[in-house]
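Chain by chain, the residues run as shown.
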Amino acid sequence: MEEKERKEKFTTDSGIEIKRVYQKTTVADEQPGEFPFTRGVQPTMYRSKLWTMRQYAGFSTAEESNKRYHYLLGQGTTGLSVAFDLPTQIGYDSDHAFSDGEVGKAGVAIDSLRDIEILFDGIKLENITTSMTINSTASILLSMYIALAKKQGADLKKISGTIQNDILKEYAARGTYIYPPKQSMRIITDIFEYCSKEVPKWNTISISGYHIREAGSTAVQELAFTLANGKAYLKAAIDKGLEINVFAKRLSFFFNAHNNLFEEVAKFRAARRMWAQITKELGATDPRAQMLRFHTQTGGSTLTAQQPHNNITRVTIQAMSAVLGGTQSLHTNGFDEAIALPTEEAARIALRTQQIIGFESGIADTVDPLAGSYYVETLTNEVEAAAWEYIHQIDAMGGAVAAIEEGYMQTEIATSAYKYQEDIQSGEKVIVGVNKFTVEEKPLSDIFTVDDSIRQLQIEKINKVKSERDNEKVKELLKTLDSNARADVNLMPTILEAAENYATLGEIADTMRNVFGEYK
C-alpha cells in the first residue's frame, strides 16, 4: 500500500515542480573549463586552489574596520570584502544633513583618501584581493584605492579585486542610485575603458543578482534579471567601441545562495551555460571572455532573529550549494546578522564554516560533484529554460534598461516577494523557529552596535583634511571634472587626481550631480 505523501505537489522556490523520482536523462558530454562551462570555469577547480574565502566587513570608522580586517586575515580569510555605510554609497560626506543617524551603521564611513589610508593601514594592496560593494560611487572609491596603491608603490598592473559597480540592479531592487540610467551607464563604461589599460587585473563590475534575490525574487528571476543586466552592460561597452574579448574578461557576477540546495546548484550551473551563449552571440571568441566567474554570499534575507543559532545550519547549506555549484569566492553570513552587525565570534564561525567545507567535507575534491544526477541535470535544464523566457521578454521590451524604466523587473520581484510571504503566513512554507517549532527564548546578550558619536569623529577628520590640503588645487580639479562631465571625456583620470588631492567623496559626487542631475 502506497503511503500518502506530505503534500499533493512539491515545487522549488521558483515554482518548478519536483517529480517523485527522476529517471535517466541525457547528459551532455562536457568537460569543466570548456565551453559552455556548465561544469565549471577551470579544468581542475578546487583540486588546485580553493575558492577565495571572504568575509564581508566594514563598520563604524576606518580605524575600527582596519582592526577587523587584520583579525580576519589572521584567522585565514584569503580576500577582503568591504562594506560601506549608506552615506558613502549614495555620495554624501559624513557631515551632510542626510548622513545623520547613518554614519558607520551599514558599513564603514569613507569621506576621503585619508579614510582609505587608515582602512588598509598595514595591508599591502599588491598582496590581497579586495572586493568593494559599491555602485553609484564606485568610480570614486576605486580611484581612492588606486591612489593608495600608488602611494604604497604597488604595480598597478598587479593589483586585483572587484568593484560591484552594478547600477541597474539598484534601480530594479535596492535603491542606492544617484544619477539617471544613461549617465550612470556612461560612468560605468568609463571605468571599463580606464581599467582595461591602467589596472588590467581589476574586475570592473560584479553584476549582482544578490540584491535582486534579497528584494524577494525567485532563483529563476535572480538568474534571468542578472544576466539581462549583464547583457545590457556588454552592449553599452560595445557601443562605446570597446573590444568584447578584452573587457568581458574583467566582468564578474555576484549571486545569492538560499536554502533549496539543488535549485541553487542548478542555478549556478545554468548561469555559466547561459552567459557563454550570450557572450558568444555578441561576438566573444576568447573562452575567457565567455566564462561566467562569480562570487556568492549566503542569503541575508533567509536569516531569522528567532532562534538565531539555526542560521548556522542555514548558512552551511547555502555555502555548500555555492561550492557544489562552482563559485570562485564566497562570503558566509554571521548567525546574528538578522539582529545586528556580526560579532567577532559570529564572523569566525562563518569563516570556519567555509574552512570545514573546504578541508573536511570532501566536496571540493572533485569537479562538479553533482553532475550526472538525474535530478540536478534535469533541474539545470528547467531553471535555464525558465530564465530564458524572462530574458526573451526583456529583449522584446528593448533590453534591461527599458524593462527597469517600465517597472517590469520591479513588479515581478514584488509579486514573488508577496507570494513568498503569503506562503509563510499560511504555513505552506515552513521556516523553522518562525512559523513552526517555536520556543520561548531570551534575546542574544552579545550584540554588536555602532554608536552615533562616530559621526562627530568623521566630521573632525573631514575638517582636518580640508585644512591641510591644497584647496585651490581641489577647486580647480572639481571645475575640470564638471567640464569633462559635460563633454565626451573619460572621467576616471580626473576623479583619480581629485581623490589623490583629498577631494572628498561628497565633493566629487556633487560635482557630477550638478551636471547629470539625480534619478527620481
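Residues numbered from 1 in each chain as written. Predicted model: local features only at pLDDT ≥ 70, side-chain atom pairs only at ≥ 80, totals over all residues. Heavy atoms only, no water.

### Notes on a nonpolar patch on the surface
Together, Val 430, Val 432 and Phe 437 give the surface a local cluster of nonpolar side chains, amounting to about 260 Å² of exposed area. Within the secondary structure layout, Val 430 lies in the loop between helix 16 (408–426) and helix 17 (454–468). On the accessibility criterion, Val 430 (40% relative accessible area) is partly exposed. (Patch = residues over 30% accessible without salt bridge, like charges linked within 9 Å, V, L, I, M, F, W, Y side chains within 5 Å. Areas by Shrake-Rupley, 256 points an atom, 1.4 Å probe, with all protein chains shown as cover. Salt bridge = Lys/Arg side-chain N within 4 Å of Asp/Glu carboxyl O. Helix = DSSP H or I, 4+ residues; strand = E, 2+ residues; numbered from the N terminus. Buried < 20%, exposed > 50% of the residue type's maximum accessible area, 1.4 Å probe, protein only.)

### Overview of the packing of aromatic side chains
Across all of its chains, the model carries 21 aromatic pairs by this definition. When the ring of Tyr 210 is compared with that of Phe 254, the centres are 4.9 Å apart and the planes differ by 0°; the resulting orientation is stacked. With Tyr 210 in helix 7 (residues 210–214) and Phe 254 in strand 7 (residues 251–257), this residue pair connects regions lying 44 residues apart in the sequence. Given the relative accessible area of 6%, Tyr 210 is considered buried. Owing to a relative accessible area of 4%, Phe 254 belongs among the buried residues under this scheme. Note on Phe 268 and Phe 294: the rings are 5.0 Å apart at their centroids and 20° apart in plane angle, and the pair reads as stacked. (Phe/Tyr/Trp six-rings, centres within 6.5 Å; stacked < 30°, edge-to-face > 60°.)

### Quick word on the pattern of salt bridges
Summed over the entire model, instances satisfying the criterion amount to 33 salt bridges. Across the pair Glu 64 and Lys 67 runs a salt bridge whose closest N-O atoms are separated by 3.3 Å. Remark: Lys 67 and Glu 64 occur in helix 1 (residues 62–74); sequence separation between them is three residues, near one turn of the helix. Using a relative accessible area of 32% as the deciding quantity, one classes Glu 64 as partly exposed.

### Some words on the side chain of Asn 203
Within the secondary structure layout, Asn 203 lies in strand 5 (residues 202–203). Discounting residues that sit within four places of it in the chain, Asn 203 has contacts with Gly 161, Thr 162, Ile 163, Arg 250, Ser 252 and Arg 293. (Contact = heavy atoms within 4.5 Å.)

### Thoughts on the pairing of strand 8 (residues 294–298)
Within strand 8, five of the five residues are buried, leaving the element largely enclosed by the surrounding structure. Here strand 8 shows no split at all, with Phe 294, Thr 296 and Thr 298 on one side and His 295 and Gln 297 on the other all buried. Of the pairings in the sheet, the one linking strand 7 to strand 8 comprises five bridges and is parallel in character. The partner of Asn 256 across the bridge, within strand 8, is Gln 297. As judged from the three bridges shared by strand 8 and strand 9 (residues 329–331), these two strands associate in the parallel manner. Along strand 9, the bridge assignment pairs His 295 with Ser 329. Each parallel crossover has a hand, and the one from strand 8 via helix 12 (residues 310–324) to strand 9 is right-handed. (Pairing = 2+ DSSP bridges. Right-handed = clockwise from strand over helix to strand, strands pointing away.)

### Structural notes on the sheet that holds strand 3 (residues 129–133)
Spatial ordering of the open sheet is given by 5-4-3-2-1-9-8-7-6, a layout of nine strands whose pairing is parallel. A strand with exactly one partner marks an edge of an open sheet, and here the two such strands are strand 5 and strand 6 (205–208). Contacting strand 1 (52–57) and strand 2 (79–83), helix 1 crosses the sheet at an angle of about 150° to strand 2. Along the sheet, helix 10 (residues 261–281) makes contact with strand 7 and strand 8, crossing strand 7 at roughly 160°. (Axes fitted to C-alpha atoms, helices over the stretch in contact; angles between N-to-C directions.)

### Here's the deal with the layout of surface pockets
Approximately 1400 Å³ is the volume attributed to the largest pocket. Every element with two or more residues in the lining of the largest pocket is listed here: helix 7, helix 12 and helix 16. Top contributing element to the lining of the largest pocket by residue count: helix 16, with eight residues. Looking at the lining of the largest pocket residue by residue, the classes come out as 13 nonpolar, 19 polar and 11 charged. Volume-wise, the second largest pocket comes out at about 1200 Å³. (1 Å grid on protein atoms, 1.4 Å probe; cavity = no way out; pocket = protein on both sides within 12 Å on 5 of 7 lines; lining within 4 Å. Points joined across faces, edges and corners; volume = space filled by probe spheres on them. Nonpolar A, V, L, I, M, F, W, Y, C, P; charged D, E, K, R; others polar.)

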